[in-house]
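# Summary of the model geometry
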Protein chains: 2
Amino acid sequence: MKDRTNKVTIYDIAQKLGLSASTVSRALQNNPLINEETRLKVQEMATEMGYVPNWIASSLRKKRSNIIGLIVPRTSMYFQSTAISGIQHEAHKYGFSIMIGQSDETVAMEKELVHTFYSLRVDGLLAVSSMFTTNTDHFNPFVKNNIPIVFYDRVPSDFNGYTITGDDYQGGYLATEHLIRQGCKRIAHFSGILTCNLYQQRLAGYKAALAAYDIPFDESMVYVHDLTMQSAANAAQEIFSKSVLPDGLFTANDSSAVAFIQEAKKQGIQVPGQIKVVGYSNDLSSRIISPSLSTIEQSGYNMGQKAASTIIQLINQDEGIKVPKNYVFPVELIQRESSTS
Amino acid sequence: MKDRTNKVTIYDIAQKLGLSASTVSRALQNNPLINEETRLKVQEMATEMGYVPNWIASSLRKKRSNIIGLIVPRTSMYFQSTAISGIQHEAHKYGFSIMIGQSDETVAMEKELVHTFYSLRVDGLLAVSSMFTTNTDHFNPFVKNNIPIVFYDRVPSDFNGYTITGDDYQGGYLATEHLIRQGCKRIAHFSGILTCNLYQQRLAGYKAALAAYDIPFDESMVYVHDLTMQSAANAAQEIFSKSVLPDGLFTANDSSAVAFIQEAKKQGIQVPGQIKVVGYSNDLSSRIISPSLSTIEQSGYNMGQKAASTIIQLINQDEGIKVPKNYVFPVELIQRESSTS
DNA sequence: ATGCATTTATCAACCGTTTAACAGCTATCA
DNA sequence: TGATAGCTGTTAAACGGTTGATAAATGCAT
């Protein structure tokens, strides 16, 4: 290892100015104990010498890292990346940095990230659980040590702390109701794994809408899989092989709707002519596919911002401000070609 | 602030076992100075007490953080997010964590991130420069202190350190040559800002292919903008307003090609019938749009892996291994509907 | 019993910053 | 004069590990 110890410390500054290190430290933090003149002298010298505070030393001493850990299934999902932007901008405003880890939708990786973040002594943890996370056991180090956790978007079912979610029930309801109003009578549903709150809620909304319009719920119309394009294509083939087709489809994400539409094209099945489709998330791809995809918008950027501001409030223990425990973002139906005639 | 000082330290373990802290420290690191028996006893007690090493204290002492800073324009670009996955997986293998910052394509934010990462004492910096970065001045803290930097994908033109790039010249050449072979004679080009090496190279490849097939280069066929969908749509309108249309278009990214195709559809112009289009990057969207988009694949995951392994070698100063200074990844033409008849 | 090497574990300094406690100095007032 | 207060700045002990120097304990040969 090369020697990289040539960094400027407060001692170097102190020595040059004939002061003590603590005075320098205070001056740099605009501590009122230090008078104007010395403060300016110190700050000038600091910039002149190219001093950059050693964040590591400071966090060790202050027992505070100003880092927020972030666990997401993957950054490449459109919703996730917009949420990350929201988080990052909000965190930056308050002087926090964020450290991102991808769980790749596995519990094992999630556990490892929790461990790493704990070891890094992050001040708080922001997480979107993996599709296969059924409980919060592996988040124990944080729970036990009272380090704030906020789950957003996907929340493990046994978690009873702070959450920021979209109104998934309402989203499922709106999407399904829209299809019904467009004349659909046989509406299929692509759902994600049902251990995940999100998909439970979207399914519940779907069922509720059917019930509200006196359409009997048919278990066999619900296709549960991991919502990848591949799985969706398989489910589509299964549907097309049946004697009687559905006339509507509500999918719990956009990419499975996209895969469905592509598969339908291959089979010469008309969307929206024969089957109307509504997706979820308002991904970029929903505007690119043709027919353009009707979907549910759930403002990822805002959810990210809210998640960040919530965890920061928890970290700072802003007693004055009441931090809502379960914040739900409204959703909006975006009507496009895939569901309208 | 709540008191969160209830964490287990090596001193707690030492006390319980009647040992000294240093023995515990050594035992936990499998230092051969400590005998088998004590080592096991210590490790057992550590897990029993739920000890997690304080990474901050350890990096302060060791002057090594095992964190790699990563600066990208934004995580939401498909290529970037695949590269990030590659980086993260590779880093994880070697016990490094990565810290991601988004520059939002601004030099100011880039500068701030450099500062933050320097303050965090990251062991190395991985960066994709913003579109508007013309030099490396603001990366000075790293350069001056001999902290390794590796640029990948987009590289500032004055940087003469380690780089990992796709073969952009070749990509531009392949795309253009393909269009020519498909019969195009008047080929337009959407380029990104030309201070960026990437776009320079793609343009150079475009020119070279034209020259190789004796097609005169026409300055007015090159549209330079920021390659957002909006800008591409504007450029498309400009093209459509002209009396004579191009018969081919090579765009330096996929989303501008997608925007162009959508605009063409609106105007009733046939792709590939009247204009054949080739994009760049093999984004997800290139498979979703119809007609599906021909494009250049530049394996982001592998580039990310390579970038990570390179910086780790530099950090570790693996003298034995020769680290190539400018690694270039081959690119591949993906032919789809948008350019074939 | 003595000397010497080897194994095993401890001591104490250190990383760079923060901060409680304290000290020196000047000014003010009884 | 001495007591009190207000500024300004210093000392030294943390924070939680790591590690070179050192000591204690043991074995073994003489």
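### Some details on the packing of aromatic side chains
By the definition in use, this model includes 19 aromatic pairs over all chains. Seen in terms of ring centroids, A:Phe240 and A:Phe260 are 5.4 Å apart; in terms of plane orientation they differ by 50°. Their pairing is tilted. In this pair, A:Phe240 sits in helix H10 (residues 229–240) while A:Phe260 sits in helix H11 (residues 254–267), placing the two residues 20 residues apart along the sequence. Here A:Phe240 and A:Phe260 have matching classes, each one buried. Between B:Tyr118 and B:Phe142 the ring centres are 6.0 Å apart and the planes differ by 75°, which places this aromatic pair in the edge-to-face class. Taken together, the positions of B:Tyr118 in helix H6 (residues 107–119) and B:Phe142 in helix H7 (residues 140–144) put the pair 24 residues apart, joining distant regions of the chain. As far as the burial class goes, B:Tyr118 and B:Phe142 line up, both buried. A network of ring pairs unites the aromatic residues A:Phe190, A:Tyr223, A:Phe240 and A:Phe260 as a single cluster. Sitting above the plane of the B:Tyr280 ring, B:Arg202 keeps its charged end 3.6 Å from the centroid.

### Brief notes about helix H2 (residues 21–28) of chain B
Residue and element names in this part refer to chain B. Residues Ala21, Val24 and Ala27 constitute the buried set of H2. Along the long axis of H2, the arc covered by the buried residues comes to 125°, so they all point the same way. One or two steps after H2, the chain reaches Asn30, where phi turns positive at roughly 55°.

### A few points about the interface of chain B and chain A
Each partner contributes to the interface: chain B provides 57 residues, whereas chain A provides 57 residues. Here chain B meets chain A over a buried area of about 5,300 Å², counting both sides, of which 56% is carbon and sulfur. Our count for the chain B to chain A interface comes out at zero salt bridges. For the pair chain B and chain A, the interface holds 19 residue pairs in polar contact (both at pLDDT 80 or more). For the side of chain B that touches chain A, the secondary-structure elements that each account for two or more residues are helix H4 (55–62), helix H5 (78–93), strand E2 (97–102), H6, helix H11 (254–267), helix H12 (285–288) and helix H13 (300–316) of chain B. Tallied by class, the residues present in the side of chain B that touches chain A amount to 22 nonpolar, 24 polar and eleven charged.

### Side note on the packing of helix H4 (residues 55–62) of chain A against H4(B)
Remark: H4(A) packs on H4(B), axes separated minimally by 9 Å, with the N-to-C direction vectors making an angle of 135°. Compared by their axis directions, H4(A) and H4(B) come out oblique. Like other packed secondary-structure pairs, H4(A) and H4(B) cross with a definite hand, here left-handed. Here A:Trp55, A:Ile56, A:Ala57, A:Ser59 and A:Leu60 of H4(A) lie close against H4(B), whose contacting residues are B:Trp55, B:Ile56, B:Ala57, B:Ser59 and B:Leu60. Here the contact of H4(A) with H4(B) is composed, by residue class, of eight nonpolar, two polar and no charged.

### A look at the domain arrangement of chain A
Per the domain assignment, the segments making up chain A are domain 1 (10–53), domain 2 (64–165 + 300–329) and domain 3 (168–297). Of note, the centres of domain 1 of chain A and domain 2 of chain A, computed from C-alpha atoms alone, are 36 Å apart.

Basis of the calculations
Residues numbered from 1 in each chain as written. Chains lettered and ligands numbered in written order. Predicted model: local features only at pLDDT ≥ 70, side-chain atom pairs only at ≥ 80, totals over all residues. Heavy atoms only, no water. Phe/Tyr/Trp six-rings, centres within 6.5 Å; stacked < 30°, edge-to-face > 60°. Helix = DSSP H or I, 4+ residues; strand = E, 2+ residues; numbered from the N terminus. Buried < 20%, exposed > 50% of the residue type's maximum accessible area, 1.4 Å probe, protein only. Lys NZ or Arg CZ within 6 Å of the ring centre and 35° of its normal. Arc of directions from axis to C-beta. Contact = heavy atoms within 4.5 Å. Buried area = accessible area lost by both parts, 1.4 Å probe. Salt bridge = Lys/Arg side-chain N within 4 Å of Asp/Glu carboxyl O. Polar contact = N/O pair within 3.5 Å; in protein donor to acceptor, adjacent residues only side chain to side chain. Nonpolar A, V, L, I, M, F, W, Y, C, P; charged D, E, K, R; others polar. Axes fitted to C-alpha atoms, helices over the stretch in contact; angles between N-to-C directions. Parallel < 35°, antiparallel > 145°, perpendicular 65-115°, else oblique. Left-handed = near helix turned anticlockwise from the far one by under 90°. Domains from an automatic or database assignment.

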